[in-house]
Amino acid sequence: MRRSESRGSPPDSQSGEQILDRADWPWLLGLFVLGCLTLTTFALTAFSLVDTVGAGPSLSRGVPLDDAWIHFQFARNVARGDGFAFNPGDPTAGSTAPLWTILLAAVYALGGPFPLAGQLLSAACFLLVLGATYALTKRLAGRRWTAWLAGAVVAVNGRLVWAGLSALETCLFAALTLIAITAHLSHRKGGHYRLRTAALFGLAALARPEGYLLFALALADWVLPALASSSPVSSLVTRASRLLPAAAVFAVLVLPYLLFSLRTAGHLLPNTFSAKASFNFQPDLTFLSLAARYLILDNPLLLPFVVLGATVLLGRARLLSAWTVGLPLVYAFLHAILYQHGRYLIPLIPFNAVAGVVGLLEARKLAHRRGWRWSGSERLLVVMVILLALAGTAWRLPTMARQFAWNVDNINQMHVGIGQWARENTPSEAVLALNDIGAITYVSRREVVDLAGLVTPEVIPILRAPGGSARLIEFMAGRGVDYVIIFPNWFPGLAQRDDRLTPVHQVTVARRTITGGPTMVVYRTAWDAETQ
C-alpha cells in the first residue's frame, strides 16, 4: 500500500474518472465473499428454524413479503407478451419499480423460476450494494481499509440481508443511488453535468419513485454554489442552463413510464403513491420516531460516529447528507407507514455506514488534536475498531433471520395457501376481489379487483369517501366479482354484509409477523339486480 493510501488523501484528490483500480480488487473480493457468507448463513439459519419455531414445511422456500409476488405477476405478464399489466391485457401503472419488473421479466423469460430467481437477483443486487458502498467511501475517505469497513458493516446488517433475500427492488435502488451519488460527487466541479450521472439517477427513479427526489437534490447541489459567486444571478442562470442536457437524459429515461401512468391511471406517479401517501404540512412524528429507532438498532455502537460523520459530510458531500435526512422527512410529510422492518428506509443503511466510517476518522483527528494517543499498536487499534463496528451491526442478524423465517411462513401459509385454494376451488373465469393481490393472483391465475387500489385505482376515491362499504359492494357487483378475499379487520363493514358475502374458507396464522391481519377470509358473493 502506498504512503498516500495508508495515511489517507483529501476527498477532492479522487475527483477524476477513476475511483477504483487494480489494488482495490482484493478488498472488493473480500467484501463479496463476506456478503455471500452472510447471505448463505442467514438463509440456512432462517430455514433451519422450521423445527425450532414450529413453522411448517411451507418455510422450505419463499419470500417474506407479498409485494414480491406482485412484481412476479407483472414480470410474468411482461415476459409472456401480455403487456405491462397485472391482469393480462389490462395495462396499469401498479408497479412502483418498473425497472425491477423488467429485470424480473428478463429472468423469467430465460427460464428462471419464481420466487427463487427473484431472490437470486435481489441477492446479486445486495452484493452490488457492497461494492458501491466501498467505492463511495473510498471517494470520501481515500483509504481502502475504511472503504472495506463501510462495506463490511453493510454486509452484516440484518435488515439489508433480509432485503437481499426478499426478491424486492430495495437493494437495486440502494445500489443505483450509491453509484449515482458517487458519480455526482466525483464530477460536480466540472463545467457541465455529466450525462452518465443523469442516466444513473434516471435508472434509480425507475427502481423506486424516491429517485425523483434524489435527482432534484442532486440538481440543487450542483446549482447552489453559484449563489456564492460574485455574480450570483448570472452564475445561477449559467449553471442551470448547463443542466439542460442532463435533465433531457433523465427525462428520456423516466418519461415513458410517467406518461404510461398518466394514460392508465390519470396521474404521473404509480398508483401506489395515491393509495398509500397523503401529504400533510404537519409531519408524522411517529414515522420519525420509528426511523430513529431503526437507526439506533442498526448499530448502537457506531451511532455517535454516524452523527459526527453526517455533520462532517455537510461540507464534503452535501447531497449525501441531504439524502439521508431528506428522505425520512419527506416520508413523514407524506404520512407513510414505516412497517415491514422499515423497508422504505433500508436503502439509507449504506449511507449511514459511510457516515459512520467518516465519523470514526474525524473522531481520530479530533483525538490527535487534543493530544490523546493510543499507547498500543496502531494495527491493533484498527482491528479493534473493525471488530466493534461489525459486532455492533451483526448482533441483529439472528433476530432478523428468525423474522425472515416467520415472514416467509406467514406469506406461504396465508397468501400462497389461499392462492392454491382459489386455483383448486373456483372456476377459471372467476373474478376475485382482494386486499393483498400478490401471491393469490400469481398462484390462482384469476382475474382480480384490487381493493387497496394499487392496480385498480378506481377504488381509491371509494375508500376515502363516506359510506365506503356500500359503495364497494356496488363497485364489486358492477365488476362481476365472484369471491371477496380480505382481512376482516381491514374491511369490517364488508365483513358484516352477510346478505352479500358468505364465508367459505379462511386461514389464520398462529404468529402474525408480516401480514395485515391474523385471519384472511374468502367470501362467496351474492349479487342481485339492484346491486348490479
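Residues numbered from 1 in each chain as written. Predicted model: local features only at pLDDT ≥ 70, side-chain atom pairs only at ≥ 80, totals over all residues. Heavy atoms only, no water.

(A) How the structure looks around a nonpolar patch on the surface. Nonpolar side chains collect at one region of the surface, where L255, L259, L262 and L268 lie side by side and expose about 350 Å² of accessible area between them. Among the secondary structure elements, L262 is positioned in helix α12 (residues 244-265). By relative accessible area, L262 is classed as partly exposed at 40%. (Patch = residues over 30% accessible without salt bridge, like charges linked within 9 Å, V, L, I, M, F, W, Y side chains within 5 Å. Areas by Shrake-Rupley, 256 points an atom, 1.4 Å probe, with all protein chains shown as cover. Salt bridge = Lys/Arg side-chain N within 4 Å of Asp/Glu carboxyl O. Helix = DSSP H or I, 4+ residues; strand = E, 2+ residues; numbered from the N terminus. Buried < 20%, exposed > 50% of the residue type's maximum accessible area, 1.4 Å probe, protein only.)

(B) Region of interest: the nonpolar core. Core analysis: the biggest nonpolar cluster contains 148 residues, and F42, F72, L136, W162 and F201 have the highest contact counts within it. With 13 residues, the top contributor of residues to this core is helix α5 (residues 116-141). Once residues lying within four places of it in the same chain are set aside, the contact partners of F72 are V63, L104, F114, P115, G118, A167 and Y442. By size, the runner-up hydrophobic cluster in this structure holds 20 residues, among which are A433, F491, V521 and Y523. (Core = buried A, V, L, I, M, F, W, Y, C linked by side-chain atoms within 4.5 Å. Contact = heavy atoms within 4.5 Å.)

(C) Inspection of the layout of surface pockets at higher detail. Of the voids in this model, the second largest pocket is the one considered here, and its volume is about 460 Å³. Forming the boundary of the second largest pocket are 24 residues, of which L295, T324, V325, P328 and N352 lie nearest the centre. The element contributing the most residues to the lining of the second largest pocket is helix α14 (residues 285-298), with six residues. Along the lines of polarity and charge, the residues of the lining of the second largest pocket split into 17 nonpolar, five polar and two charged. (1 Å grid on protein atoms, 1.4 Å probe; cavity = no way out; pocket = protein on both sides within 12 Å on 5 of 7 lines; lining within 4 Å. Points joined across faces, edges and corners; volume = space filled by probe spheres on them. Nonpolar A, V, L, I, M, F, W, Y, C, P; charged D, E, K, R; others polar.)

(D) Geometry of unusual backbone geometry. In the segment running from F114 into P115, the intervening peptide bond is cis, with an omega of 10°. Residue position: P115 is located in the loop between α4 (98-109) and α5. Phi angles above zero are rare outside glycine, and A167 is one such case at about 65°. Looking at the secondary structure, you find A167 in the loop between α7 (158-164) and α8 (170-187). The phi angle at H341 is positive, at roughly 65°, despite the residue not being glycine. Looking at the secondary structure, you find H341 in the loop between α16 (318-334) and α17 (349-369). In this structure H341 comes out as buried when scored by relative accessible area, which is 10%.

(E) Broad picture of the state of the cysteines. Under the definition given, this model contains zero disulfides. Here C171 is not cross-linked by a disulfide; its sulfur's nearest cysteine counterpart is in C125, at 6.8 Å. The exposure class assigned to C171 is buried, which follows from its relative accessible area of 0%. (Disulfide = S-S within 2.5 Å.)

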